[in-house]
Every structure is written in C-alpha cells, then in structure tokens.
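Architecture and fold: a report
The chain contents come next:
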Amino acid sequence: MKKLLILLFSLFFLSSPSVFADDISDIEIEGISIGDSLLDYMTEEVILEEIERNKHDYSYLNEPDKYAEVYLRIDFPTYDYLSFMIRNKGTNKYITNKNENQKYTILSVRGIIRYNEDFDSCIQKRDEIVESLSMMFPNAIKDEWFQSHSGDPSGNSIIDAISLLFDSGDYVQVHCSNWEETFRIKNNYSEGLSITIRSKEMDSWLTDRK
C-alpha cells in the first residue's frame, strides 16, 4: 500500500499546477520535462559516454543515429532510473555554434520501474496510472495497443501499451514490456513499467522502421 501511495503521489506531480494542462512541456517526471537541457542534470562527458554505450539500440530504424538515448541511474523517489532522447550531433573542436548546447535539449523523458518476471503486477500498476492520467488530461485521446518488441528479432518479446495523445501530436505513453527471458538475460535487459513523455518529432522517428 505504501508503494502505491508513493507512486500516485508522484503521478500528481507529472502535471503542471493546472491539472488539466494540454501541453506536454508542462508535464514532469522527477522534476524533469521536455525542453529542459540535459546538461542541467548530467555532465557533457557522461552524456557522450552514454551515447556511445547505447549507439546500437535503435539499429532497426531507418535513421538509427539521428537521435540518442541517455540513461540516468541515481536514487529517484519513485522510478528505478530515467532515460532521455536527444538529437545525436557530433562535436567539432575547431568551430562552435552559438546554439551548440541546444543539441542536449530533451525531446523525451521516460521513467522506468522494474517488474522482472512479474508482468501481471506491471499491467495492474499501468492501469492504475492510466486511470489517474485520464483524470488529469480528460481531453487527450486514449489509444491501446499490443505488439511484438522491435528490439527482439525472434518476435517473442512484447509491449502492452496505453497512450494519451494530445492535439499537438505529442503524447504520454504507459506500457509494460515483457522480454523473452533468454533474450533478456543475454542482453542484461530489465523489463517492467515505463512512463514516457514524448514529442511528435520523436514519435515520427521511432515509427520509421526498416
């Protein structure tokens, strides 16, 4: 019960002071929102290390290197860790763009709670969260979908998701992932609940697959 109360308390602060906001830039996960600079939370050195570490994660897309995912693993109140999507632009030591730091603008924020080998509990928590989000954003269009995970070529890993779509094309998605166990262990993946705030720009990229 205590864990549930903590999660629902955190969900309240996913919204802006206006609970019925219709702009995802007003939504926060652990105090971080789309449009923030990732440099406010991590050093450039760590960001570049993360980009290199995760550079093959989206190899199934037509433009796998257009954006990069960066993980932040610290002790958060609710989530086990967070991830962010940013534009993947190289650096040049000889010339500098005055808007150079804009390449670290956050385009997507994702909060993850592990439910390894406990898919049913993940689905239960997902439904509780979606109910709360639906009350916060009554004008958003709800969409439910189920598919094989693109990251597993065998087709034996799944995603069970519910999205809330805004008029802008941006959306909030809550999903449970369930990797095929041998594949998960081999790749050292975790599975469970993800709450994602994602821009329309990011959605277009993620759906453009080979």
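Residues numbered from 1 in each chain as written. Predicted model: local features only at pLDDT ≥ 70, side-chain atom pairs only at ≥ 80, totals over all residues. Heavy atoms only, no water.

Our focus in this paragraph is the environment of Ile29. Mapped onto the elements, Ile29 comes out in the loop between helix H1 (2-12) and helix H2 (44-53). Take Ile29: its relative accessible area is 0%, and that puts it in the buried class. Separated by 49 residues in sequence, Ile29 and Thr78 place their C-alpha atoms 9.5 Å apart. (Helix = DSSP H or I, 4+ residues; strand = E, 2+ residues; numbered from the N terminus. Buried < 20%, exposed > 50% of the residue type's maximum accessible area, 1.4 Å probe, protein only.)

Once that is clear, we can look at the state of the cysteines. Enumeration according to the criterion identifies 1 disulfide in this entry. A sulfur-sulfur separation of 2.1 Å characterises the disulfide bridge that pairs Cys122 with Cys176. Judged by the sign of its S-S torsion, about -105°, the bond between Cys122 and Cys176 is left-handed. Taken together, the residues Cys122 in helix H3 (residues 119-136) and Cys176 in strand E6 (residues 171-178) connect sequence positions 54 residues apart. Here the two residues Cys122 and Cys176 agree in accessibility, since each one is buried. (Disulfide = S-S within 2.5 Å.)

One finds Leu38, Ile47, Phe84, Ile86, Leu133 and Leu193 to be the most contacted residues of the largest nonpolar core, which totals 39 residues. Taken together, the elements giving at least two residues each to this core come down to H2, strand E1 (67-72), strand E2 (81-87), strand E3 (108-114), H3, strand E5 (158-165), E6 and strand E7 (192-198). Counting residues per element, this core draws most heavily on H3, at 6 residues. In terms of nonpolar packing, the next biggest core, distinct from the first, is built from 8 residues, Tyr58, Tyr67, Leu107 and Met202 among them. (Core = buried A, V, L, I, M, F, W, Y, C linked by side-chain atoms within 4.5 Å.)

Between its first and last C-alpha, H3 extends 26 Å over 18 residues, near the 26 Å set by a 1.5 Å rise per residue. Where H3 is concerned, the buried positions are Cys122, Ile123, Lys125, Arg126, Ile129, Val130, Leu133 and Met136. When H3 is viewed along its axis, its buried side chains cluster within an angular range of 165° and face the same direction. Turned more than 90 degrees off the buried face of H3, the exposed positions are Asp120, Glu131 and Met135. (Expected span 1.5 Å × (residues − 1). Arc of directions from axis to C-beta.)

Of all the 6 residues making up E1, 6 are buried; the element is thus mostly covered by neighbouring parts of the structure. Of the two faces of E1, the one carrying Tyr67, Glu69 and Tyr71 and the one carrying Ala68, Val70 and Leu72 are both buried. Two strands pair when backbone bridges link them, and E1 and E2 are joined in this way by 6 bridges, in the antiparallel orientation. Bridge pairing in E2 links Tyr67 to Arg87. (Pairing = 2+ DSSP bridges.)

Below, the discussion takes up the sheet that holds E7. With respect to topology, 7 strands assemble into an open sheet ordered E1-E2-E3-E7-E6-E5-E4, the strand pairing being antiparallel. Where the open sheet ends on each side, the last strands, each with one partner, are E1 and strand E4 (141-148). Averaged over all pairs of adjacent strands, the angle between their axes in this sheet comes to 20°, without regard to strand direction. Against the sheet, H2 touches E1 and E2, its axis set at about 115° to E1. (Axes fitted to C-alpha atoms, helices over the stretch in contact; angles between N-to-C directions. Contact = heavy atoms within 4.5 Å.)

Next up on the list: the confidence of the model for the chain. For the chain, mean pLDDT is 82; residues scoring 70 or higher make up 83% of the total. Between residues 1-21, whose pLDDT stays under 50, and residues either more than four places distant or in other chains, the model counts 39 contacts. Segment residues 91-96: pLDDT under 50, and 3 contacts once partners within four positions in sequence are set aside and those in other chains are kept. (pLDDT = per-residue confidence, 0-100.)

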